[in-house]
Every structure is written in C-alpha cells, then in structure tokens.
Amino acid sequence: SIHSFPTRRSSDLENDNEVAHGELWMFLLHQLLSLCQDSRQEVRDGAITTIFRSISLYGASLSKATWDATFWEIIFPLVASLSSAITLHNHDLSEAEPNELVSQVNGPTIRLIDKQWDDSKTLALTSVGNVFFEYLPKIVKTSRYEETWATFIGILKRSFIDRKSTRLNSSHQY
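This structure is a prediction, so every number in the text was calculated from the model and none was measured.

Thresholds, definitions, all that
Residues numbered from 1 in each chain as written. Predicted model: local features only at pLDDT ≥ 70, side-chain atom pairs only at ≥ 80, totals over all residues. Heavy atoms only, no water. Helix = DSSP H or I, 4+ residues; strand = E, 2+ residues; numbered from the N terminus. Buried < 20%, exposed > 50% of the residue type's maximum accessible area, 1.4 Å probe, protein only. Areas by Shrake-Rupley, 256 points an atom, 1.4 Å probe, with all protein chains shown as cover. Core = buried A, V, L, I, M, F, W, Y, C linked by side-chain atoms within 4.5 Å. Axes fitted to C-alpha atoms, helices over the stretch in contact; angles between N-to-C directions. Parallel < 35°, antiparallel > 145°, perpendicular 65-115°, else oblique. Contact = heavy atoms within 4.5 Å. Nonpolar A, V, L, I, M, F, W, Y, C, P; charged D, E, K, R; others polar. Expected span 1.5 Å × (residues − 1). Salt bridge = Lys/Arg side-chain N within 4 Å of Asp/Glu carboxyl O. Phe/Tyr/Trp six-rings, centres within 6.5 Å; stacked < 30°, edge-to-face > 60°. Bend = angle between axes of the 7 residues up to and from the residue.

Before going further, it helps to examine the overall build of the chain. A count of helical and extended segments in the chain gives five helices and two strands. For the chain, the succession of helices and strands along the chain, N to C, is α-α-α-β-β-α-α. The buried share of the chain, taken over its 174 residues, is 34%. Entry remark: accessible area of the chain is about 10,900 Å², with carbon and sulfur atoms responsible for 57%.

A word on the nonpolar core. If you look at the biggest cluster of nonpolar residues, it comprises 34 residues, and the most contacted ones within it are Phe 52 and Phe 71. Those elements that place two or more of their residues in this core are helix 1 (10-35), helix 2 (41-58), helix 3 (64-89), helix 4 (112-139) and helix 5 (145-171). Ranked by the residues each element gives to this core, the list is headed by helix 3, at 11 residues.

Next up on the list: the packing of helix 2 against helix 4. The N-to-C vectors of helix 2 and helix 4 enclose an angle of 5°; their axes lie 10 Å apart at closest approach. Put simply, helix 2 runs roughly parallel to helix 4. Where helix 2 approaches helix 4, its residues Gln 41, Arg 44, Asp 45, Ile 48, Thr 49, Phe 52, Ile 55 and Ser 56 are matched on the opposing element by Gln 116, Trp 117, Asp 119, Ser 120, Leu 123, Ala 124, Ser 127, Val 128, Val 131, Glu 134 and Tyr 135. Each residue belonging to the contact of helix 2 with helix 4 can be placed in one class, and the counts come to nine nonpolar, six polar and four charged.

With 18 residues, helix 2 extends 25 Å between its outermost C-alpha atoms, agreeing within 8% with the 26 Å of an ideal straight helix rising 1.5 Å per residue. Those residues of helix 2 lying buried are Gln 41, Arg 44, Asp 45, Ala 47, Ile 48, Ile 51, Phe 52, Ser 54 and Ile 55.

In this section: the side chain of Thr 70. Residue position: Thr 70 is located in helix 3. By relative accessible area, which is 0% here, Thr 70 ends up buried. Not counting chain neighbours up to four residues away, the residues in contact with Thr 70 comprise Trp 25, Met 26, Leu 29, Ile 55, Leu 62 and Ile 75.

Before going further, it helps to examine the pattern of salt bridges. Applying the stated criterion to the full structure yields three salt bridges. For the salt bridge of Arg 144 with Asp 68, the shortest nitrogen-to-oxygen distance reads 3.2 Å. A residue pair is termed long-range when its members are at least 10 positions apart, and Arg 144 in the loop between helix 4 and helix 5 and Asp 68 in helix 3 qualify at 76 residues. What makes Arg 144 partly exposed here is its relative accessible area of 30%.

A full pass over the atoms with the stated rule returns nine aromatic pairs. Taking the centre distance of 5.9 Å and the plane angle of 55° together, the rings of Trp 149 and Phe 152 count as tilted. Remark: Phe 152 and Trp 149 occur in helix 5; sequence separation between them is three residues, near one turn of the helix. Using a relative accessible area of 35% as the deciding quantity, one classes Trp 149 as partly exposed. Here Phe 152 falls in the buried class, since its relative accessible area comes to 6%. An aromatic cluster of at least three residues, connected via ring pairs, comprises Trp 67, Phe 71, Trp 72, Phe 76, Phe 132, Tyr 135, Trp 149 and Phe 152.

Moving on to helix 3. Since one α-helical turn is 3.6 residues long, residues separated by three or four positions face the same way. With 26 residues, helix 3 extends 36 Å from end C-alpha to end C-alpha; this agrees with the ideal 38 Å at 1.5 Å per step. Phe 71 marks the point of greatest bend in helix 3, at about 35°.

Written as structure tokens, this is what we have:
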C-alpha cells in the first residue's frame, strides 16, 4: 500500500536543506580562502573582500553551526595565514633596495611587500570587526561564542599592540 512508505516531516527536510546550505557555503568560502595567500595583493585583497561581502550578504541565513564553522575554519585561519605571511616576508630593511621601500604616515619606512601584506591583514581585521558589529546577535548564540570572542580579542592584541611595539623597537635600530 502507498501508506506503508515512511514519510518525512517538513522539519526533517528543513534540517537537510540547512545542512546542505551550510556545506555548500563552507565549500565556497574554503575556495576563496585558498586565494587569500596569493602573492599578488589585488588577488589576495579581492578574495578577502569577497569572503566578507558574502558573509555580510548571507549572514542572516546562516545557522549557528555554520557561523561557528565560518569563524573557526575560515576567518581565524585567514588571519593566522596573513600573520604567518607577514612574519615570513618581514626582512631586515638593510637588505632592501631603495626602490623596495615605502614610507608610512604614522610609522617607520618599510618594504613595499611588507606594507602590502600588512594592508591585506588590516582589510581582514577591519572586515572581521564589521562582521561582529553586524551579526553579533547571531554570533552570540553559537556554541563557542565566548571562545570565539576571546580568540578575536587575542588576534587584535597581537596584531595592534604586540606588533606595534615590535615595529617601534625595530624602527629605532635604523
């Protein structure tokens, strides 16, 4: 008989759709994340901008689990990879050719490549701040909100306080 087939509730279908949406979302963001390490600043910054525009546009439709995954699989690894690239590219200025150096408004002279990586990280950190500002009511409901917030604050501290003092100390050498 036709009634012997198991039926699915609409809530089961909604859960399946939410899971599929989350998986597709994360796949897209992971593909963009791979471009965020490109040596060309335009490509790198374009990928960073696209990630955060996508989050801004579709954040309202993300589940708590997808928000959690977005922070821990995309946003924090993005910032960590930019920090690593900055450390990797940061060399002694005495080794730089004069045409590789740029002056900064509020800081010491640095190599152009270092400034470009710093600019990419600044773009990412500003975008993360905007995500928190725009979606805090949703982010607060994730299972790891306190850990997410503490990690974000730690990143800011390392990026702006610890790094600034390192830069100031190194600028006194020249």
